[in-house]
Amino acid sequence: MTEDAPKTLLYENGAEGKICLTNILGNLMVETRKIRSRKRVILSVLSVIVVLGGWFVLTTVLRWVPPAFLPPPQNILTDFFRLLNKSYVGHTLIGHTLVSLQIVLGGFFLAVLIGIPLGIMMGWFKRIEAIVDPMFQLLRPIPPLAWIPLSLLWFGIGISSKIFVIWLSAFVPCVINAYTGIRLTEPLLVKAALGLGVKRQWDLLREVAIPSALPVILGGVRIGLGSAWMTLVAAELLASDAGLGYMMQMARRALEPSIIILGMLIIGILGAIMARGLQMLEKRICPWVMDKER
Amino acid sequence: MQQDKIFADHVSVAYEKDDESLLAVDDVTLSIQEGEFVVIVGPSGCGKTTFMNTLAGLVKPIRGKVFMDGKQITGPSAERGVVFQQFALFPWKTVFENVEFGLKYRGIPKDERREIVRKYIRMVKLEGFENSFPHELSGGMKQRVAIARVYANMPQILLMDEPFGALDAQTRTIMQEDLSEMFMMEKRTVVFITHSVDEAIYLGDRVIIMTARPGKFKKIINVTADCLIPNRRNLGYDDVVNLKAFRDLKRELWGLIKAEIVEKRIL
Ligand SMILES: Nc1ncnc2c1ncn2[C@@H]1O[C@H](COP(=O)(O)OP(=O)(O)O)[C@@H](O)[C@H]1O
Ligand SMILES: [Mg+2]
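One structure accompanies this document, and this report is about it. (Residues numbered from 1 in each chain as written. Chains lettered and ligands numbered in written order. Predicted model: local features only at pLDDT ≥ 70, side-chain atom pairs only at ≥ 80, totals over all residues. Heavy atoms only, no water.)

1. As for the packing of helix 4 (residues 93-124) of chain A against helix 5 (residues 126-139) of chain A
Residue and element names in this part refer to chain A.
Reasoning step 1: At a minimum axis distance of 5 Å, the contact between helix 4 and helix 5 shows a crossing angle of 120°. Between helix 4 and helix 5, the angle is such that the two are oblique. Contact residues: Leu-118, Met-121, Met-122 and Trp-124 in helix 4; Lys-126, Ile-128, Glu-129, Val-132 and Asp-133 in helix 5.
Reasoning step 2: In the contact of helix 4 with helix 5, the residues fall into six nonpolar, no polar and three charged. (Axes fitted to C-alpha atoms, helices over the stretch in contact; angles between N-to-C directions. Helix = DSSP H or I, 4+ residues; strand = E, 2+ residues; numbered from the N terminus. Parallel < 35°, antiparallel > 145°, perpendicular 65-115°, else oblique. Contact = heavy atoms within 4.5 Å. Nonpolar A, V, L, I, M, F, W, Y, C, P; charged D, E, K, R; others polar.)

Encoded structure:
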């Protein structure tokens, strides 16, 4: 764990030769890592090509699969360009996408904004935990989708009912992770802070507990984003008058599978982009967390 | 008479565990003078950490009181800086920010803080690592940061709980020499805990041997005052451990500790 940092050795055993050797070894390791990542990119691109190619061959060249069952990929592309600025069931493709994004981001940000502070407070103040936890435990097992009927009753079929349901679905992991992260604060670090002159609870929370919980909190945000997307589509399929899920539902009724798949692809791509963005943000916010997977 | 820097007056500490009370420190009395380097050595589990936490104000005694400069210690304070075996650096702060941490709470202005942090990072020989994060450092370097962090914070007394216990033997020797040197350069009152007899004799002005749990003081040896190892602070570690005076003292201390381990069967 310690010997791999070349500069490490400077004071520990001072042998110049050893420093050089570790440097070389370090560089070698970086090199192999580079090669490995290049290989990975090639493999990933290949796999996409193979899947798309197989799809094309099955539907267009061999015609084993009827287009009503699985339309060929080029149909999806044409539909994409066709619907970009042509209205379909009330909105253009961009319009539907924006409605969905608005709902997802609205619900998600509200969840982050309310869930994280609440989780932190529950983790830090025993009294707040005692007040909030029973309610939370009771409501938590209810799947967010089970709230849809009630939220329709409360907010109507517009976007607020869906924002509410999505807020719920992203809220739960935000609260749980913030709570857990704070509770996992290393007591030794609290002791260290106390011995360095921190006196107020608030300073301990701000300077020790929150930073130490941050990686766990961001993990909760990532989970929250995932469940926000998941809930979005289900909510839109069930009850809405716009959005990607609504568009897909209408396309099913009109027997237009290529539009269904188009909707799925857009959801997949947007979800992946947002997850990736969040990952990069995490790296910026927590530069001290060594990522072992990546 | 000069007032004691630290005075522990018949201190007992116990832990509550499943309705049972476990006595960790038993009726210990100790006074420490300003500028003294006191080492407490004893078998593991004997209550060394507990006693030190009591001095730090992190643990309350069930009987007895602890005073600093005549005032009773009731809680943790920046006046008693602690170095832990497990470093306890803030992983989200750089080396610089870790060392700076306590200074912010003393209300020292930014420019002055920077000067102080620089000085102590230099003292622990970590120039160039100011912007590294703890996870980028070796164990020895982490402990250097932790030492700089308390030194910079100017506590009245420094409490070190087996600070080199997690380090390999080579690193440890160098750290011991450097700490001895720092202590010479900038005299502080230090309470240092270890289970290494060598370390205790090499560093301590006064070495206290603790019994197995519940910990009491078995013997106190005045290494410096009784001039048991002449000229020790000016010699390197190797030279000191090869002195006959050192070996004799070591044999005596080890005999006392071994007796504790064997008698109380805490192996
Ligand atoms: N937080 C605690 N709760 C209960 N028992 C403890 C706690 N900390 C230490 N002890 C017990 O007190 C005794 C002394 O512990 P400690 O002071 O850590 O010993 P040392 O530092 O000398 O190894 C041990 O028997 C240990 O198991
Ligand atoms: Mg201990």
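2. A few points about the pattern of salt bridges
Reasoning step 1: Counted by the stated rule, this structure contains 23 salt bridges over all chains.
Reasoning step 2: In this structure, the salt-bridge partner of Glu-252 of chain B is Lys-219 of chain B, at a minimum N-O distance of 3.6 Å. Of the two residues, Glu-252 of chain B sits in helix 8 (residues 244-263) while Lys-219 of chain B sits in strand 10 (residues 217-222), which places them 33 residues apart along the sequence.
Reasoning step 3: When its relative accessible area of 37% is taken as the criterion, Glu-252 of chain B is described as partly exposed.
Reasoning step 4: By relative accessible area, which is 33% here, Lys-219 of chain B ends up partly exposed.
Reasoning step 5: Among the charged side chains, a network of salt bridges with common partners joins Arg-200, Asp-203 and Arg-206 of chain A. (Salt bridge = Lys/Arg side-chain N within 4 Å of Asp/Glu carboxyl O. Buried < 20%, exposed > 50% of the residue type's maximum accessible area, 1.4 Å probe, protein only.)

3. So, the interface of chain A and chain B
Reasoning step 1: Each partner contributes to the interface: chain A provides 27 residues, whereas chain B provides 39 residues.
Reasoning step 2: For the chain A and chain B pair, buried surface summed over both sides reaches about 2,800 Å², with 68% attributable to carbon and sulfur atoms.
Reasoning step 3: Here chain A is connected to chain B by two salt bridges.
Reasoning step 4: Where Lys-104 of chain B meets Glu-207 of chain A, a salt bridge forms, and the shortest distance between an N and an O atom there is 3.2 Å.
Reasoning step 5: For the side of chain A that touches chain B, the secondary-structure elements that each account for two or more residues are helix 1 (9-12), helix 8 (187-195) and helix 9 (201-238) of chain A.
Reasoning step 6: Looking at which element gives the most residues to the side of chain A that touches chain B, the answer is helix 8 of chain A, with seven residues.
Reasoning step 7: Taken together, the residues of the side of chain A that touches chain B sort by class into 15 nonpolar, six polar and six charged. (Buried area = accessible area lost by both parts, 1.4 Å probe.)

4. Things to note about the environment of Ser-31 of chain B
Residues and elements named next belong to chain B.
Reasoning step 1: Inspection of the secondary structure puts Ser-31 in strand 2 (residues 20-32).
Reasoning step 2: Sequence separation of Ser-31 and Gln-3 is 28 residues, and the distance between their C-alpha atoms is 9.5 Å.
Reasoning step 3: When residues no more than four places from it in sequence are discounted, the contact partners of Ser-31 are Asp-4, Ile-6, Phe-7, Glu-36 and Arg-206.

5. A few points about the site of ligand 1
Residue and element names in this part refer to chain B.
Reasoning step 1: Within the structure, ligand 1 sits among Tyr-15, Lys-17, Leu-22, Ala-24, Ser-44, Gly-45, Cys-46, Gly-47, Lys-48, Thr-49, Thr-50 and Arg-213.
Reasoning step 2: Between Cys-46 and ligand 1, the recorded distance is 3.2 Å, taken from a backbone N or O atom to an oxygen atom.
Reasoning step 3: At a separation of 3.2 Å, an oxygen atom of ligand 1 approaches a polar side-chain atom of Arg-213.
Reasoning step 4: Bound to the protein, ligand 1 loses 67% of the 560 Å² it would expose on its own.
Reasoning step 5: Those elements that provide at least two residues to the shell around ligand 1 are strand 1 (6-17), strand 2 and helix 1 (48-56).
Reasoning step 6: With three residues, helix 1 is the single largest residue contributor to the shell around ligand 1.
Reasoning step 7: Within the shell around ligand 1, the residues separate by chemical class into four nonpolar, five polar and three charged. (Near = heavy atom within 4 Å. Polar contact = N/O pair within 3.5 Å; in protein donor to acceptor, adjacent residues only side chain to side chain. Areas by Shrake-Rupley, 256 points an atom, 1.4 Å probe, with all protein chains shown as cover.)

From the geometry alone we can't say anything about function, so treat these as descriptive.
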